[in-house]
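The chain contents come next:
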Amino acid sequence: MKIIFYTTLFIQFIFSQYVVKGEICDNKGNPISNATIQTFENNNYAISNENGYFDITIGGKEQFKVVVKHIGFNDLEIILDPSQKKRFKIILTASPIVNDEINVNANKSLMGLKDTPIVTHLLTEKDIQNSGSSNVIEILENALPNIQFIWDPHGIPTVKIQGYQTNNIAFLIDGQRISGEHAGNIDFEMLNLSNIERIEVIRGGMSTLYGSGAVGGVVNLITKQNKDKYWIEYVLSHDNPILISHSFNLGFNYKKINYSLSLSNKSSSGYDLTPASELSSGRVDKTLDENMTNVISSNIDYLINKKNKLNFNIKTYNRQVFKKFKTSGADEILYNIPTGTLIDAPELPIYNDLSYIIKYSKVLNQESNFTIAFQSEHYTKDIKYPYYNGNYPNIKGVRIFEWGDSRFNCINAIYKTTLQNHFIIIGFETIFNATSSKNILDQNSLVTYPSIFSVDTTYSSERYSLFLSDNFKINDNLYINGGIRINYNDDYKFKFSPSIGIKKNYNNNIFRINLSSNYRSPTVKELYYEFPQHSPPIYGNPNLEPQTSNYFSLSYENTKNSSIEMYYSNDYNRIGYRYVDPDPDIDGDSYYQSDNFKKVILYGMNASFNFKDLINNTDIKLTFSITDAPDEYKDYLSGVSKYSLKSTINYSLSKKVELALANKFLSSKTLYDENLEEYFMSNAFITFLPYSNFHVKIGVKNLFNYKDPRAEGPNSTDILTSYDPGRRFYINLVFKFKKERDDE
């Protein structure tokens, strides 16, 4: 077979006289990479590159027919004329996807995406718009099965996927890791939802391709790309008191340069579900403090030539939290300020992030390409003292101190190629992390805000990895994916993360089996964190061992838009917080400490059902999930509901008016030894599309005004089953203006 294959290629090369060039894009002008273009006569084929371009060689000057295919788009048969010198422009139209689960970036390969054995959830731009979500956490929780929102021991909002918290999940933007963090968690306020085109979510272990930290899954946020000559978009999202957001997205294409700029301003007046007594004084701790966030990101693509591209991206982020302080009777006597007056708190946090990415991509030939990227990120938390150089509480003299920062540097290189029925990825990655923190001293040289390590110091770590993945197409109905990642750092030496997956098509039914071994090294904060001021105190553990996990999943899909997936996860040395009470007879001596849990078993099931036009102009989507563990491991599901049921109903009154109803049910759960009740919540929206460049969405969130009853009364608690502020009106306005690019 190999002799025949190479002989055919040689003869074709000798006698070929025409090379037909083309470009593949969607109806918005966005390039479509990894599309296959195949001739009918001799089964010759080509694959579009990352710019949507392809070249295909034929043996004569006669017109010929090709079929163009790509997952998520309708197949297109088209006749091409070799005598035409101009590059053909082929436009593919989107098609309904079974269960919206497609494998967009699942294994970073040139393989036909529908043929990979790894299931990926896709949230499209339309899904994001229809959801009425105000931020990334909200859309992940409301639109996908087995993703839930909780508060961690630091009081930081986070998400859990199939029982795994954010430090076990790899979060990416355009395939590059997000590292900005506070207390070991992703700072989701850095993410501008209005500039997100789609979100890809992989549930389950993905350490083979994404390294340490991808034990529980991968979330990849794809930013908007545009091929218009120029464009500008304004988005208003009004979801008070959670946030009010104004965003501008603009850019242009000029010759070989594509430039885009995204500006976002988000603010909130805050709210408090468990307010303190009106007679109390001192620091006011709200459920959500008043805050303001600004994010600016800029991206430049420079097409050196048809095979070489350079990309530069830079992002800045600033978030200020305006905590308040309630004056006391003593303040009224001493400073003549009425009792109960709200003033700026003595300490105010400020979060900053600066990141940039430089990426070079080269198309080596129709079957191969190479990418190398350098990423650097510097995330800081500063403390602002409004009265440091003044006199509390009536004379301000502001001073800002650097308190802590996290630095992340990464170099990764990826080579992708096709060899007959093998689609191969070879990659290298090196990561450097450094976290530092300082004690802040007052005017008397006393510690007023302690370092997270109790002393002024910096801890750092380095890790290196090589990975290989092979997608092997045995035939049109059977695919096997295998891979391995070799990880190394000085503390834990070599660790291996292999994986294998099988995908089988049978009579329009798809079966997938996946097995992976995953790995996560402890973070600097998990090793050395010290927070004795917290109640109860929180400490790191320098004796932590790396966490490993064996993950197995089995899934079934059919062409009637339904799927079911079952999974089983067996973790060893799982890293988490252990509640320690040295002496139960003594109050106040308990604390949390990072620790290895020798073995943890989790398992569950996710099911999705899509009903297109079940009733005239009505689409219904249902998702149901179960997350469970044997009795001895149920404590590790803290904050996770065993059952969740979510549904969305969309009804088109006309081409310009749409109605939507979204429902969510979460069963009871336990969080920090508190039993929390089940709850049900609904959102209702109506969308008007009077013009192609303008749409309005208005609605009501938390339609039935659910609030945790534990938040009410004299015995209210800060640990709640839901932190939603209650029924509120929601408005989303989108205005777009663009000038289409002239065909080349």
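Residues numbered from 1 in each chain as written. Predicted model: local features only at pLDDT ≥ 70, side-chain atom pairs only at ≥ 80, totals over all residues. Heavy atoms only, no water.

**Student:** Help me understand the overall build of the chain in this model?
**Tutor:** From N to C terminus, the chain includes 6 helices and 48 strands. The buried share of the chain, reckoned over its 744 residues, is 52%. Considering only residue pairs separated by 6 or more positions, the chain has 61% of its internal contacts joining residues 24 or more positions apart. Put simply, the chain shows about 34,700 Å² of open surface, and 56% of that area lies on carbon and sulfur atoms. (Helix = DSSP H or I, 4+ residues; strand = E, 2+ residues; numbered from the N terminus. Buried < 20%, exposed > 50% of the residue type's maximum accessible area, 1.4 Å probe, protein only. Contact = heavy atoms within 4.5 Å. Areas by Shrake-Rupley, 256 points an atom, 1.4 Å probe, with all protein chains shown as cover.)

**Student:** Looking at this structure, I do not really get the side chain of T435. What am I missing?
**Tutor:** Looking at the element boundaries, T435 is found in strand β29 (residues 422–437). Those residues in contact with T435 that sit more than four places away from it in its chain are D405, S406, I452, F453, T457, T458, Y459, V524 and K525.

**Student:** I tried to follow the sheet that holds strand β17 (residues 217–223) on my own but got confused; where do I start?
**Tutor:** What links the strands of a sheet is backbone hydrogen bonding, and the strands pair in either a parallel or an antiparallel sense. Strands sit in the order β8-β16-β17-β12-β13 across an open sheet of 5 strands; the sheet is mixed. Looking at which strands have only one partner, the edges of the open sheet turn out to be β8 (121–123) and β13 (176–177). Where helix α3 (residues 136–143) meets the sheet, it contacts β8, β12 (169–173), β16 (196–203) and β17, and its direction lies at approximately 55° from that of β16. (Pairing = 2+ DSSP bridges. Axes fitted to C-alpha atoms, helices over the stretch in contact; angles between N-to-C directions.)

**Student:** Teacher, can you tell me more about the pairing of strand β40 (residues 591–615) here?
**Tutor:** Two faces make up the sheet, and in a regular strand the side chains alternate between them. In the sheet, strand β37 (residues 538–539) pairs with β40 via 2 bridges, with the strands oriented parallel. From the neighbouring strand, I538 faces β40, where its bridge partner is Y592. Relative to β40, strand β39 (residues 562–580) is paired through 18 bridges, and the arrangement is antiparallel. Bridging across to β40, I575 finds its partner in N596.

**Student:** Hey, could you run me through the nonpolar core in this one?
**Tutor:** Note on soluble globular proteins: their nonpolar side chains tend to be buried together. One finds L140, F171, I199, V201, V219 and L221 to be the most contacted residues of the largest nonpolar core, which totals 28 residues. Residue assignment for this core shows that the elements contributing at least two residues are α3, β10 (157–161), β12, β16, β17 and β23 (308–321). With sequence-adjacent residues up to four places away left out, V219 is seen in contact with L140, I161, I169, A170, F171, L172, I199, E200 and V201. Among the nonpolar cores identified, the runner-up in size contains 16 residues, and I32, A35, F64 and L92 belong to it. (Core = buried A, V, L, I, M, F, W, Y, C linked by side-chain atoms within 4.5 Å.)

**Student:** Please clarify how the pattern of salt bridges should be interpreted in this entry.
**Tutor:** Here the idea is simple: oppositely charged side chains can pair when their charged atoms come close. This model, assessed by the stated rule, comprises 26 salt bridges. K642 is the salt-bridge partner of D628, the closest N and O atoms lying 3.3 Å from each other. You can see D628 sitting in strand β41 (residues 618–628) and its partner K642 sitting in the loop between β41 and β42 (643–654), a full 14 residues away along the chain. For K642, a relative accessible area of 30% puts it in the partly exposed group. When salt bridges that share partners are traced, they join E138, D239, K701, D724 and R728 into one network. (Salt bridge = Lys/Arg side-chain N within 4 Å of Asp/Glu carboxyl O.)

**Student:** For this particular structure, what's the right way to read the sheet that holds strand β21 (residues 282–284)?
**Tutor:** Reading across the sheet, the 3 strands line up as β21-β24-β25 and stay open at both edges, with antiparallel pairing between neighbours. With partners counted over all chains shown, the strands left at the sheet margins are β21 and β25 (342–344), one partner each. For this sheet, the mean angle separating the axes of adjacent strands, direction not counted, is 45°.

**Student:** Even after reading the chapter, I still don't get the packing of aromatic side chains, so can you show me in this structure?
**Tutor:** The description of two aromatic rings rests on the distance between their centres and on the angle between their planes. In total, this model carries 24 aromatic pairs according to the counting rule given. Plain terms: the ring middles of Y234 and F248 are 5.0 Å apart, the flat faces sit at 40° to each other, and that makes the pair tilted. Of this pair, Y234 sits in strand β18 (residues 230–239) while F248 sits in strand β19 (residues 243–254), placing them 14 residues apart in sequence. The interplanar angle of 35° and the centroid separation of 6.3 Å between the aromatic rings of Y633 and Y636 together place this pair among those described as tilted. A relative accessible area of 13% places Y633 in the buried class. When the ring centre of Y730 is taken as reference, the NZ or CZ atom of K701 above it lies at 4.5 Å. (Phe/Tyr/Trp six-rings, centres within 6.5 Å; stacked < 30°, edge-to-face > 60°. Lys NZ or Arg CZ within 6 Å of the ring centre and 35° of its normal.)

**Student:** Would you mind going over the confidence of the model for the chain with me for this structure?
**Tutor:** Detailed conclusions should not be drawn from predicted coordinates in areas where pLDDT is low. Averaged over the chain, the pLDDT score is 84; the fraction of residues at 70 or greater is 89%. In this model residues 1–17 is a low-confidence stretch, pLDDT under 50, and it forms 9 contacts with partners more than four residues away in sequence or in other chains. Contacts for the low-pLDDT stretch residues 96–116, under 50 throughout, to residues beyond four places or in other chains number 90 contacts. (pLDDT = per-residue confidence, 0-100.)

**Student:** Is there a simple way to think about α3 in this case?
**Tutor:** Since there are 3.6 residues in each turn of an α-helix, residues three or four apart along the chain are aligned in direction. A large share of α3 lies buried, amounting to 6 of its 8 residues. If you check which residues of α3 are buried, you get V136, I137, E138, I139, L140 and E141.

**Student:** Explanation requested: the pairing of β39 in the structure shown.
**Tutor:** Sheet topology note: the strand β38 (residues 547–558)/β39 ladder contains 11 bridges and is antiparallel. Directly across from E557, in β39, lies its bridge partner S563.

**Student:** Sorry, what's going on with the environment of V295 here?
**Tutor:** Considering the arrangement of structural elements, one finds V295 in strand β22 (residues 291–305). For the pair V295 and E189, spaced 106 residues apart in sequence, the C-alpha to C-alpha distance is 8.9 Å. Apart from the residues within four sequence positions on either side, V295 is in contact with E189, M190, S262, L263, S264, K315, T316 and Y317.

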